[in-house]
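A closer look at the structure
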Amino acid sequence: MSWTRTLLAALAVCVLLLTGTAGCGSSDARDRAGTALSPSPVGKVLDDTDDEGRHYREVGEDEAPEVGIEVQPDLDGGDGGWDLRLTVRGFRFSPAGTETRATAGRGLAYLFVDGRLVSRLRAPDCRLPADLVPRGTHQVTVRLYADDGTVWAVDGEPVQSTADVTASGAQATATPTPSPSTAALSEPGTRSRTGGKGSPDRAGKAS
């Protein structure tokens, strides 16, 4: 009989151990489920994408960020470069190292010249080297992105602003060409908020 009691005791211990293990597993599962049920990101991700395949993130007009662009010849530099200044509303630039998830009214500005990405900006001011804008007329566009790489959009259109820049040996001019959502911000003479400066580079890295 002693061996029977020993066997029963051993079986009881096994049952307790298995029950405990299952309980820990359930607790972990509940924790994971709690994470999965965290609040959804701001806005709605659309099927539409930019030319580089980044999806649009649709938000209502009342909560959408805005951006304007002003491009002026850099008369002090003497090398034909350009000073670019952004004016933003309802938007703040994220510092380097920010978590890669969408947060309302925050992110980066991507700078394009003739549709080609030349820089990601984390400040409202930068200098555009002359070799990125050779002789002729070019479109300089700034577009707002969330920290996860999605494009802020309103009514299916990206939040952006464009200026036509004409470069020549003797004279250089820049004319804003605002989209409807950014007309008020892109008018000549509009002053932007002050901030740090950055210089775009060919690799398109954040400055």
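Parameters at a glance
Residues numbered from 1 in each chain as written. Predicted model: local features only at pLDDT ≥ 70, side-chain atom pairs only at ≥ 80, totals over all residues. Heavy atoms only, no water. Phe/Tyr/Trp six-rings, centres within 6.5 Å; stacked < 30°, edge-to-face > 60°. Buried < 20%, exposed > 50% of the residue type's maximum accessible area, 1.4 Å probe, protein only. Lys NZ or Arg CZ within 6 Å of the ring centre and 35° of its normal. Core = buried A, V, L, I, M, F, W, Y, C linked by side-chain atoms within 4.5 Å. Helix = DSSP H or I, 4+ residues; strand = E, 2+ residues; numbered from the N terminus. Contact = heavy atoms within 4.5 Å. Pairing = 2+ DSSP bridges. pLDDT = per-residue confidence, 0-100.

1. Structural notes on the packing of aromatic side chains
Under the criterion given, the structure shown has two aromatic pairs. When the centroid spacing of 5.4 Å and the interplanar angle of 85 degrees are considered together, the rings of F91 and F93 count as edge-to-face. Residue classification places F93 among the buried positions, given a relative accessible area of 18%. Stacked on the ring of Y110, the Lys or Arg R120 has its end atom at 5.1 Å from the ring centre. Geometry around F112 places R143 over its ring, the cationic atom sitting 4.6 Å from the centre.

2. Remarks on the nonpolar core
The biggest cluster of nonpolar side chains holds 32 residues, and the ones touching the most others in it are L84, L86, L128 and V140. Counting only elements with at least two residues in this core, the list comes to β3 (66–73), β4 (82–89), β6 (106–113), β7 (116–121), β8 (125–128), β9 (136–145), β10 (151–154) and β12 (160–167). Here this core takes four residues from β4, the largest share from any one element. Apart from residues no more than four positions distant in its own chain, V140 is found in contact with I69, V71, L84, L111, F112, V113, L128, S161, T162, A163 and V165. One finds Y110, F112, Y145 and V151 within the second-largest nonpolar core, a separate group that totals nine residues.

3. Here we look at the pairing of β12
In terms of residue burial, β12 counts as a mostly covered element, since six of its eight residues are buried. The sheet contact formed by β9 and β12 spans eight bridges and is antiparallel. Bridge assignment links R143 to a residue of β12, and that residue is Q160.

4. With respect to the confidence of the model for the chain
On average, residues of the chain score 73 in pLDDT, and 62% of them are at 70 or above. The model gives residues 6–39 a pLDDT under 50, and that stretch makes zero contacts with residues more than four places away or in other chains. Confidence over residues 178–207 falls short of pLDDT 50; this stretch has 71 contacts with residues more than four positions distant or in other chains.

5. Brief notes about unusual backbone geometry
The phi angle at D114 is positive, at roughly 55 degrees, despite the residue not being glycine. Considering the arrangement of structural elements, one finds D114 in the loop between β6 and β7. Positive phi outside glycine occurs at D155, with the angle close to 55 degrees. Inspection of the secondary structure puts D155 in the loop between β10 and β11 (157–158). Residue D155 is classed as exposed on the basis of its relative accessible area, which comes to 64%.

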